[in-house]
Every structure is written in structure tokens, then in C-alpha cells.
Amino acid sequence: MRSKVTASLILVIVVAIVAGVINYQGLIAKNTKLVPKLGLDLRGGVRIVLEGQDTESAKATNDAINAAVSVIDKRVNALGVSEAVVVREGANSKRIMVELPGWEDPERAKQLIGKTALLEFKTEDGKVVVNGSNLKTAQLIFSQAQESLGEPQISFELDAAGTTAFAAATQANIGKKITIYLDSQVLMSPTVEVAITDGKGVISGGFTAEQASNDALLLKSGSLPVKLVTLSEEVVGPSLGSVFVHRSALAAVIAFLLVVIWMFLMYRYLGLVSGIALVVYADILMATYLVLHATLSLPAIGGAILSIGMAVDANCIIFERIREELGMKKTVKSAIGAGFSRAFRAVFDSNLTVLVGTVFLFYFGSGTVRGFAVTLALGVLASMFTAVFASHMLVDLLLTPGIAKNSRKFLG
Amino acid sequence: MTFRERILTWDIIGKTHTWFTASSIIIAIGIVAMVVNMVSFGSPLKFGIDFIGGTVINASFEKAPDEAVVRDILSANGYSNVTVQRAGAKGITMKVETSEIDPAVSGKIISDIVAKYGAVDTATEEITSIAPVIGRDLLRRSSLALVLSLLFTLLYITIRFKFSFGLATILGMVHDIFVALGILAVFRVPLNAPFVGAFLAIITYSVQDGVVVMDRIREKLRYRAKEPFDKLANAAVTETWMRSFNTSFTTFLAVLVLFIMGGAPIRDFSTTLLVGIISGTYSSIYISTPLLVLWVQGREKAAALQKA
């Protein structure tokens, strides 16, 4: 019996310490791999939902949407947003969701994400000689030439196939114009003077620096293979959520204290045990969030605070049971044993029922619902461990003969 | 006699009529509110833009914007049905429901206001534009998720207990859903995506509470002598009453703190939870168990008749 308690004690302590180290790394040392992942509603940022639409020239096929996702992904990465998310909403969906946490400029995001960015070089007779897919690089430069000094321009370099095609086209069109279009708008229309064989060039389209930099970014990431329209946008200023994060952290602490006080008033010594178990619970739960990179959104935090109250549920079931067993004139020791074992089935069934529910919510729910299902399921699992296993061990461990004799101290 | 001892003497099942009447009145008020809402607003509940689509823009500028000027800017951009309201010292709220301000135009609107009233404060800016089609999708998927998890909870309880136990628990849960929906209808609280979470919490809570009572009845049935089922069920609920109260009270405390401290963004969410916790605890004791008693007594009577 004693050795079993010791083994359980070591297990609980090890789990609690591991969780504590993870929490320290994530919350205090700000280890980048473990920092809490806050939802858009708490951290601020931009979320856009786009939908692929069929046009005469391009249908919104499965492949086209997948290709669009990777193009947008490149563009978003070029913007330098960390933790940006670009996902297709479901395998056969025509919708793409883009999340840019911490981004404050919705206009620029929309311009960059939804734009087709199809670059075409056309001869006078309308033949396309080179298009965006032939580009190797494109970047913003400032003109060094005397007549346009300092003007923002886009310098580009073509790939091998593009270089060959462009060389042939310029050779054949000396003295004629080659027009450069971006999304069917004329950027420039220079007259070819000599054949360009190195595949390099400069586009000057009367850009502002920002336009030139945006367009260069778009050209580099390639053009969208399908027309996308913006269905939804959500923009959250960063200071709105941060207020809530601080307040809810304080709320969690106060809720925790109130629950512990109430449990002590109701169950005395046993109540204190459930208080310790609750500390371990919060410790484990937070660490699980960090390790699994669960997104903490407003409802998820609400759910977590709710779970502080619910976590002692198993303790209440068990302690009430122990009280009943004591009423049957059992010794404290045997009442504890009987209480834990008899109450276990009720605890197990009630928690498993909840888990069954969360599995379905996760599979059929979207966004918010999923986050809630995950936090709820984690809470149930963690509370099973702390309220049943850890509490039992603590009750055995802290039960001195003195307390065991005095049942008022023991259970109030 | 201590309070705990007194609870054991309560005749909860014997007052079934009282509990059912009380719940019927509360649910009836909710249903009346839904009908009134249906007639006067065209929808039993007030759905927010997450479900019906629409746009809300909250933004502050260097100078306080004038409502009439902002309205003009909106009409100039093709939106004349937008509600415009001053918010805070230098802020303005623009809101339209069931049709959205095209995300391609929202930036133009903001920059038009900026031209008149100075730079927008990006730290507190908030734009939510949900296409109606996306809102409807969310509503459909959330409802499906709710119904499926209800069905599988029923299945699980049926496997672990009995169908009658599962049915009684589910009916208790339906009771809680109606009570919560009724209160939301009475106060016309706008329902948005986080409410799906609050509803799930209510359901979860209701089930968890119900299962513990059912477990006690199951245990008592195993050692049942000749006592009538209603006495047995009454003993089960009175014995578990204190536990139900204590867990609900701790959860209630936690959510109450959230309600007080969480502030406006989560107030509707926490209100729904508070209602759900009270209703969930109540229903597992005063609704589900009496229902189970009615069911079992009906069965036993029918069996007795067949024998005779």
C-alpha cells in the first residue's frame, strides 16, 4: 500500500514538474516554440475569406483552388507575417481562409491577396510572348538613369525559356512596340531598339514606391490561376484583445481562489486536497495548451475558466460519497477507499459522456466550435487525472492519524 | 437536524407536478417571446451578423466624426441603409445586417473618413464583414454539430445505462436549451459564433450533472428490494443533491467572476452560461428524474396489467 502511494506520488510530481517547466518556458521565458497561440480576437489581426469564381477563361477547379492557396501562401510569407495561415475551407470547398495575426493594414492585405497579378508581354499584333510564369525574380529598384532619377521601378529577370522567347520576340520586333500588361492594365509600352538576349529588364510604369514594391511582390509569387472574390473580412485592432487577456487572467485567479475557499468550507481537509489538485490541474491544462499549440480565443478562455469550476466536480462526487460511507459507521480509512472506488463509475461515465460529445463537435464544427471542443476535451482528461488519481494519492498521503480520528477536521 | 439530513427528507419526486408547472411557465414565456419576435422582427431569436451576415465597423479617428457626414460618405460609396452611431469620444460605429459592405469597398470608406477626420487608430479598429452565405453555413454546421452530439450522447447513455435513462437525460437537456433560448429571446440578446460554445457548455453541463444522478439510481436498482421506483429515485436525488449543488455552485462562482470581470466582449456569453448552469442543475434533479419515474412507473403498470 505504502509503495503504491509512493509510486503514484512520484508520477504526479513528475507530471506536475514537467508541466511547470513547459509553462515557465512558454509564459515567462517566452520560448518561441511554446508561447501561447492567441486567436485573432485576442491578438488582433486580419482574417479574410475568399471564394474562387468561374470565369470564361478560368474555372474554379480543385487544382486551381489548390494552386491559388500556394500562391497566396507565397504572397503572405513575402509580407513577413509570422504564423500566417492560408487554408482551404474543406477538401472540396472553393473558399480560402487567410489569417494574418498581428497585421494592422487590412487594405494592403486585401490588395495583395485577392489580386490576380497576371503579367503579360504582348507584341503589337496582340501575341503574348512572355507571361508571369516566366519570371525568375522581380524587385523594387530606384532608377539610376539621368532623366528618371529616383523613380520607383520593377527590375525583373526571366527564366531560361522566357529569356529565349523574349530574345526572339525583341529580335523580330525591332522598331515596334512591346506592351507590358498587369491584369490587363497597361504598365508601359516601350519601343524595342535592340534585341534583349540576357532576359533582364526594367518596368517603369509611373509607380509610387509602395505600388512598385507590392507589384514586385505579386509578380514574384506568381499570378492567381482563378478569380477570387473577398467574401468576409475581419479586422481586430491589437489593443482590444490584450485588455481582455489581462482581465481574464485575473478572473481565472479569482475564480480559482473562490472555488478553493468554497471547497474548504464544505469539505475541510478534503477540500484543501482538492485545492492542491486544482493547482495541478491548471498547471497540466496550461502546459497541454502550449504543447498542442491550441488556439486560445475568447470562447476558449471562457471555456477554460468554466472548467476550473467543473474540475472539482469529480471531487464533490467522491467527497460526498466518502461522507455517506462515514455515515455508515465505517472507519475514515475504509470510507475513503470505498468513496473513491464507488464514486469512480459515476465520474467515469459523466466524463466519458462529455468526451463523446466533444468528438462530434470537433468533426462537424468549424473554427470557434472546434477550439471549444478541444479545450473542453483536454479539461475533462486533465481533471480525471487530478481529481481522481492525484486527489486519492494526496488524501492517503496527508492523512495523519490525528486528522483521521477527528472527522470534523477531516470533512467538516 | 443538520441541513444535509433535512435534504434526505425532501420529497422531490412527490412534487413532480410543481416542478413541471414551474418549468412549463418559464419555457412558455420563452416561446411567447419567440413568437412575438417572429411576428415583429421576422425571426424567433436575434441572430447576430456571424449567422445572418452583415458588417460592423468600429473605428476612432483623430477628430470626432460627425454622424451625418459619415452617412453621406457611406451613401456616396453606395450604402445608404447603414446604421451610424457615435461610439466613445472619437469613435464611430457603422452597422448593416443581412447584407454586407463589400470588403473591397470598406477600405475606401475608411480612407474617405480619414480624409475628413484624420488618421484612424489601428490599435482599436475593428471590422467584421460576414457574407450572408458564410453566416448561413456556420448556422447549419453548428446546428448539425449540436444535434449529432445530442444523438450520440443518447446512444452512449443507452449503452452504459438504459434507453429510458438516456431519454430522460436528453429531455432534461432539451429543457435547458429551451430555457436558455427563451431567455435569449426575451432579452433579444444578439447571438453570434461564441454562443455555439456557450450552448455546448450548457449541454455538457446538463449531461454531466444528469449522469451522476442516473448513476445513483442505477446503483440503487441493483440492490432494490420491493420499494416502489419513485421512492428509490427520490432517495437517489436527495442523496446526490448536495453534490449537485456544490459542483454547480463552484462552476457558477467561476463564471460569475468571468461575467463581472470579462467585460462587454464576453458578457452575453457568460450570461448564457450562468443561465445554463442553473437550468442544467435544476433539470437533472427536478425534470429528468421525475420523467424517468413517470416512464418506469408507466412500464411497471403496463407489465402488471399484462400479468393480471
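Residues numbered from 1 in each chain as written. Chains lettered and ligands numbered in written order. Predicted model: local features only at pLDDT ≥ 70, side-chain atom pairs only at ≥ 80, totals over all residues. Heavy atoms only, no water.

Give me the lowdown on the overall build of chain B, citing residues and values where you can.
Scanning chain B for helices and strands turns up ten helices and four strands. Tracing chain B from N to C terminus, the helices and strands come up as α-α-α-β-α-β-β-α-β-α-α-α-α-α. By the compact-globule yardstick of 19 Å for 308 residues, chain B is too spread out, its C-alpha radius of gyration being 25 Å. Seen along its three principal axes, the alpha-carbon backbone of chain B occupies a region of about 85 × 45 × 30 Å. As presented, chain B carries roughly 13,600 Å² of accessible surface, and 66% of it is formed by carbon and sulfur atoms. Between the averaged position of the 29 positive side-chain charges in chain B and that of its 24 negative side-chain charges there is a distance of 10 Å. (Helix = DSSP H or I, 4+ residues; strand = E, 2+ residues; numbered from the N terminus. Rg over C-alpha atoms; globule rule 2.2 N^0.38 Å. Areas by Shrake-Rupley, 256 points an atom, 1.4 Å probe, with all protein chains shown as cover. Lys, Arg positive; Asp, Glu negative; His and termini not counted. Charge placed at Lys NZ, Arg CZ, Asp CG, Glu CD.)

Lay out the environment of B:Gly48 with the relevant residues and their values.
Residues and elements named next belong to chain B. Mapped onto the elements, Gly-48 comes out in the loop between helix 2 (16-41) and helix 3 (49-52). Assessed through its relative accessible area of 5%, Gly-48 is described here as buried. With residues near it in sequence (within four places) discarded, Gly-48 still touches Pro-190, Leu-191 and Asn-192. (Buried < 20%, exposed > 50% of the residue type's maximum accessible area, 1.4 Å probe, protein only. Contact = heavy atoms within 4.5 Å.)

Let's hear about the packing of helix 3 (residues 62-79) of chain A against helix 4 (residues 106-114) of chain A: which residues, and what values?
Residues and elements named next belong to chain A. Taken N-terminus to C-terminus, the directions of helix 3 and helix 4 make an angle of 145 degrees; their axes are 9 Å apart at the nearest point. Regarding helix 3 and helix 4, the two cross each other, and that crossing is right-handed. Side by side, helix 3 and helix 4 meet where Ile-72, Arg-75, Val-76 and Leu-79 of the first sit next to Arg-108, Leu-112 and Ile-113 of the second. For the contact of helix 3 with helix 4, the per-class residue count stands at five nonpolar, no polar and two charged. (Axes fitted to C-alpha atoms, helices over the stretch in contact; angles between N-to-C directions. Left-handed = near helix turned anticlockwise from the far one by under 90°. Nonpolar A, V, L, I, M, F, W, Y, C, P; charged D, E, K, R; others polar.)

Pulling in residues and values, what's your account of the UniProt feature "transmembrane region" (unreviewed entry) in chain B?
The UniProt record annotates "transmembrane region" (unreviewed entry) at residues 20-41, 142-159, 166-187, 193-214, 249-267 and 273-296 of chain B. Here residues 249-267 of chain B is 89% helix and 0% strand, with 19 Å between the C-alpha atoms at its ends. (UniProt positions renumbered as here; feature names shortened; annotations may be inferred.)

Give me the lowdown on the sheet that holds strand 6 (residues 128-131) of chain A, citing residues and values where you can.
The pairing of strands in a sheet comes from backbone hydrogen bonds and takes either a parallel or an antiparallel form. Residue and element names in this part refer to chain A. Spatial strand order, 6-5-9-10: four strands in an open sheet with antiparallel pairing. Each edge of the open sheet is held by one strand with a lone partner, namely strand 6 and strand 10 (185-188). Across the sheet, the mean angle separating the axes of adjacent strands is 35 degrees when strand polarity is ignored. Relative to strand 6, strand 5 (residues 119-123) runs antiparallel, the two being bridged by three bridges. (Pairing = 2+ DSSP bridges.)

Just give me the short version of the interface of chain B and chain A, but keep the residues and values in it.
Often the size quoted for an interface is simply the accessible area lost on bringing the parts together. Each partner contributes to the interface: chain B provides 71 residues, whereas chain A provides 63 residues. Here chain B packs against chain A, burying approximately 6,000 Å² in sum over the two surfaces, 65% of which is carbon and sulfur. Counting the surface chain B buries against chain A, the share from its top three residues, B:Tyr156, B:Gln208 and B:Met261, is 11%. Linking chain B with chain A are eight salt bridges, by the criterion used here. A salt bridge links B:Asp137 to A:Arg95; the shortest N-O distance between them is 2.8 Å. Joining chain B to chain A, the criterion identifies 21 residue pairs in polar contact (both at pLDDT 80 or more). Secondary structure elements with two or more residues in the side of chain B that touches chain A: helix 5 (103-117), strand 4 (126-130), helix 6 (132-160), helix 8 (194-222), helix 9 (229-261) and helix 10 (264-307) of chain B. (Buried area = accessible area lost by both parts, 1.4 Å probe. Salt bridge = Lys/Arg side-chain N within 4 Å of Asp/Glu carboxyl O. Polar contact = N/O pair within 3.5 Å; in protein donor to acceptor, adjacent residues only side chain to side chain.)

Please give an account of the pattern of salt bridges that cites residues and values.
Enumeration over the complete set of coordinates arrives at 26 salt bridges over all chains. The partner of A:Lys136 in a salt bridge is A:Glu157, with the nearest N and O atoms 3.4 Å apart. One end of the pair, A:Lys136, is in strand 7 (residues 135-142); the other, A:Glu157, is in strand 8 (residues 152-158), and 21 residues separate them in sequence. The class for A:Lys136 is exposed, based on a relative accessible area of 52%. Close ionic contact of B:Glu239 with B:Lys220 constitutes a salt bridge, the shortest N to O distance being 3.3 Å.

Give a detailed account of the UniProt feature "transmembrane region" (unreviewed entry) in chain A, specifying residues and quantitative values.
Residue and element names in this part refer to chain A. The feature "transmembrane region" (unreviewed entry), as given by UniProt, occupies residues 244-265, 272-292, 298-322, 343-364 and 376-399 in the numbering adopted here. End C-alpha to end C-alpha, residues 244-265 measures 31 Å, and it is 100% helix and 0% strand. Secondary structure content for residues 376-399 is 96% helix and 0% strand, while the C-alpha to C-alpha distance between its ends is 32 Å.

So what about the side chain of B:Ser284? Which residues, and what values?
All names here are of chain B. Looking at the element boundaries, Ser-284 is found in helix 10. Taking relative accessible area as the criterion, Ser-284 reaches 1% and is therefore assigned buried. With near-sequence residues (within four places) excluded, Ser-284 lies in contact with Asp-209, Gly-210, Val-213 and Thr-289.

So what's going on with the domain arrangement of chain B? Residues and values would help.
According to the domain assignment, chain B contains domain 1 (3-42 + 133-307) and domain 2 (54-130). Domain 1 of chain B and domain 2 of chain B are separated by 43 Å when their C-alpha centres are compared. (Domains from an automatic or database assignment.)

An account of the UniProt feature "domain: Protein export membrane protein SecD/SecF C-terminal" (unreviewed entry) in chain B is requested, with residue identities and associated values reported.
UniProt marks residues 112-296 of chain B with the feature "domain: Protein export membrane protein SecD/SecF C-terminal" (unreviewed entry), using the numbering shown here. End C-alpha atoms of residues 112-296 of chain B are separated by 70 Å, and the span's content is 83% helix alongside 3% strand.

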